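# Commentary on secondary and tertiary structure
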Amino acid sequence: MFQRWVVMGLVALAACSADDDDGWRVRSGVSMVYEAHKVEGAGCASGVVAFCPALEIVNVADADLEGDRIAVIRVVGQSVILHFSEDKGAHWTTYFIDEGLESDLASDLLDVGIHLTGGRLFLIYSRATSSRSSTWAFREIELDTPPYVRLSVEELPVGVFRPTPYIQKRADGRLRGGLTFAAPVIQEVDLISQDVKGANIPCTGRACFVDIYASVDRGDTFDAYSQGGPVSGLDVCRLRWTENAGSSQACIPASQWFVPNYSHRIHMMMRGTEPYIAWSQDDQAYAISLGLDGKLSPVLPLGRGKIDNFSLGWLDRPRFAEYELVETLDVFNEDGRLVRLAADGPEDVHVAKTPCAGDTCGYTGGPHFTYGLLQWLLPTGEGDYYAFYTVQAANGHANQQVLYMSREKATFSPIIADGPLPGPPDPLLTPPANAWPMTPLQVACVEYASCVGGSESAKYEACLAHFSTYTYTYFYGTRAARDRLIAAHGCPAIREVWPEGFGLSSTCGATCFEKGGECTPGVTTCSNIYSTDLSLCNTCEPNVTGYLSCDASNVYNTQCPADVCTPNVGCVKAAACTTNCTSTYDECNPTTNEVTTHDCPARGGVCADASGCARTGAMEACSTTGLTCSGPFIKGCSLGQVDYTDCRTLGYAGCSMGPGGARCY
């Protein structure tokens, strides 16, 4: 339930501090938006809420402007407070919006915003739902006799999102927001007509999993980035949606991405209409863009510090307009810097840090995590800003916080690179150290996994397993299929040999080989399918000495020439077998006397002893299967050691990592 412990809203124009003992005074032209009540008592002198629970922390959650009207919304605990001016901030009235929201929002309130449009005032808010999702909705506010308001009774929901949408306020009375998790959606609501509609953003692959997104033009265009790079091994993608032109996307392989590690969160900054990724590495901040042509821009230096815009709430509205906050590393002693990406290069932004005359203003102890006392920048549309500041005054055992507003103009100075700029990881021109070269079969399976696509690591491993391990009954079919696969160089040739890819889940695929059948190019049915009557499974065919085995839908006839067919066992050879270790590892099954041959050379090894295939020599050890990238080289793990091949020698540009493993691209 909402709890109101804020008890006073003042209408005032402040020319100086109410507490002269603090030694500071407010600049001329600064108006007082709100003054919190004073709190007295032992332990409150420091102004820390932990020692003085009744101390009100004054903040700004959102601000909006239409004509001469300005609205500022705040959240204190779970109380929603509105400050409203009809004369460009010369005079202010405070309203409490608690009434009527208690039963609907209560403890699941995540964030609130405000929107002035068409002479009307709307409250926007998001609430928590299940599974870390959220929903955003709106209600109209009608101002009554202070400090009361009237709200539209019915909550008008817009949609459920995960994570929360980036909401853009539009001058035409609409809101636009986007969903970023796996299936990007643009959701739009007309606040006046209350019409709600949505549109999917077409995308493919990694580009659909966007993590960072924003709009620079009030929602006509949304740009988004998916995170990835050398740390995650995933491609990095950019997605753009425009109202008139639809969507377009571009991806870049992880091996070409620029950030070797992320020290802090990354954000999006706009340079005109081009979205840049801003990140921090060690003690420096940088920005770079991935063009829709798939090329990276030069790295731009943002100076010392870490990127963190400290947007308040989940609606992800920027506190400092189009500027980004670069927080200094020593936050207890220094304020942050505001930066922007101008056409001529990155610039430091200079806006007054306090509403006061002089360098100090009220109580300044403790970390600010802000640009001075500046809480919010609201563009006036005329090239300058309405700036909102929180000043904390402390005198003895009396505490109060005051919210001020002034009209400010920013100035700029270029940012000069402090040391060398980071770049993409240097491409590896030589093979990885301590790695085996891949065998022809391994290379063929890499090509197969690359050109078929999807679950690349799993398809690579399945390819190796089915073409390096076989029994006598399907040795020749498997060997012939393997030879055709090896001979087929490049995706077009492999697709010609295997029209359905490898067909691991098709009727003419791996199961067919295992059952002694053959796949003919252009034919989708295995040559060895005997029936679809699964009641025949694990029996012996009386007409043609064969053993009938099954998969989920088909019965296969495995021939037993000169052998004995035994129900529930299979083809049992008359002569006993033995396990042999030559160039291959021939493993004997004493139940069926069948020998399973493990082609050690095809996996890059030899049969060293009765335990099976192994590698000789001390090369780079590995324990995981699948494919990974090392620069342009694709790496596998076979027989406990790393092997590699250069994707460029196969006619590809390099190696690219995706959710299903690496592939040559």
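Residues numbered from 1 in each chain as written. Predicted model: local features only at pLDDT ≥ 70, side-chain atom pairs only at ≥ 80, totals over all residues. Heavy atoms only, no water.

### Let's talk about the sheet that holds strand S48 (residues 633–638)
Test applied: Strands pair, by our definition, only if DSSP identifies at least two bridges between them. The way it works is that DSSP assigns letters per residue, a run of H or I at least four long becomes a helix, a run of E at least two long becomes a strand, and they are numbered from the N terminus.
The 4 strands are arranged S34-S49-S48-S47 in an open sheet whose pairing can be described as mixed. Looking at the sheet topology across the chains shown, the edges are occupied by strand S34 (436–437) and strand S47 (628–630). With 3 bridges joining them, S47 and S48 adopt antiparallel strand pairing. What sits directly across from Ser630, in S48, is Phe633.

### A word on the side chain of Asp190
The following threshold applies: Here a polar contact means two N or O atoms within 3.5 Å. Within protein one must be a hydrogen donor candidate and the other an acceptor candidate, and residues neighboring in sequence count only if both atoms are side-chain atoms. Contacts are assigned to residue pairs with any non-hydrogen atoms lying within 4.5 Å of each other.
Secondary-structure assignment places Asp190 in strand S15 (residues 185–190). Only 3.0 Å separates the side chain of Asp190 from the backbone nitrogen of Ile192, close enough to count as a polar contact. Residue contacts for Asp190: discarding those within four places in its chain leaves Gly173, Arg174 and Asp195.

### Observations concerning the state of the cysteines
Two cysteines, two sulfur atoms, one covalent bond between them: this is a disulfide. Put simply, the rule is: The disulfide criterion used throughout: a pair of cysteine sulfur atoms within 2.5 Å. Working definition: with a 1.4 Å probe on protein chains only, accessible area under 20% of the residue-type maximum means buried, over 50% means exposed, and in between means partly exposed.
With the rule as written, the count across this model stands at 11 disulfides. What pairs with Cys540 in a disulfide is Cys565, and their sulfur atoms sit 2.1 Å apart. Around the S-S axis, the bridge from Cys540 to Cys565 shows a dihedral of about -95° and counts as left-handed. Of this pair, Cys540 sits in strand S37 (residues 539–541) while Cys565 sits in strand S40 (residues 564–566); the two residues are 25 residues apart in sequence, bridging distant segments of the chain. Of the residues examined, Cys540 reaches a relative accessible area of 25% and is grouped as partly exposed. Judged by relative accessible area, which is 16%, Cys565 ranks as buried. Disulfide partner of Cys581: Cys607, at an S-S distance of 2.0 Å.

### Describing the packing of aromatic side chains
We apply this condition: In this analysis, rings of Phe, Tyr and Trp, with Trp reduced to its six-membered ring, are considered paired at centre separations within 6.5 Å, and the interplanar angle assigns stacked below 30 degrees, edge-to-face beyond 60, and tilted for intermediate values. Only Lys NZ and Arg CZ are tested; either one counts as a charge over a ring when it is within 6 Å of the ring centre and within 35 degrees of the ring normal.
On inspection of all chains with the given rule, the structure shows 7 aromatic pairs. With a centroid separation of 6.3 Å and 50° between ring planes, the pair formed by Phe222 and Trp241 is classed as tilted. Remark: Trp241 occurs in strand S19 (residues 236–242) and Phe222 occurs in strand S18 (residues 221–225); sequence separation between them is 19 residues. Neither residue differs from the other here; Phe222 and Trp241 are each classed as buried. Aromatic side chains Trp279 and Tyr286 sit 5.3 Å apart centroid to centroid with 35° between the ring planes, which places their arrangement in the tilted category. Owing to a relative accessible area of 0%, Trp279 belongs among the buried residues under this scheme. The positively charged end of Arg74 is found above the aromatic ring belonging to Tyr34, 4.6 Å away from the centroid. The cationic tip of Arg340 hangs over the ring face of Phe412; the distance from NZ or CZ to the ring centre is 3.5 Å.

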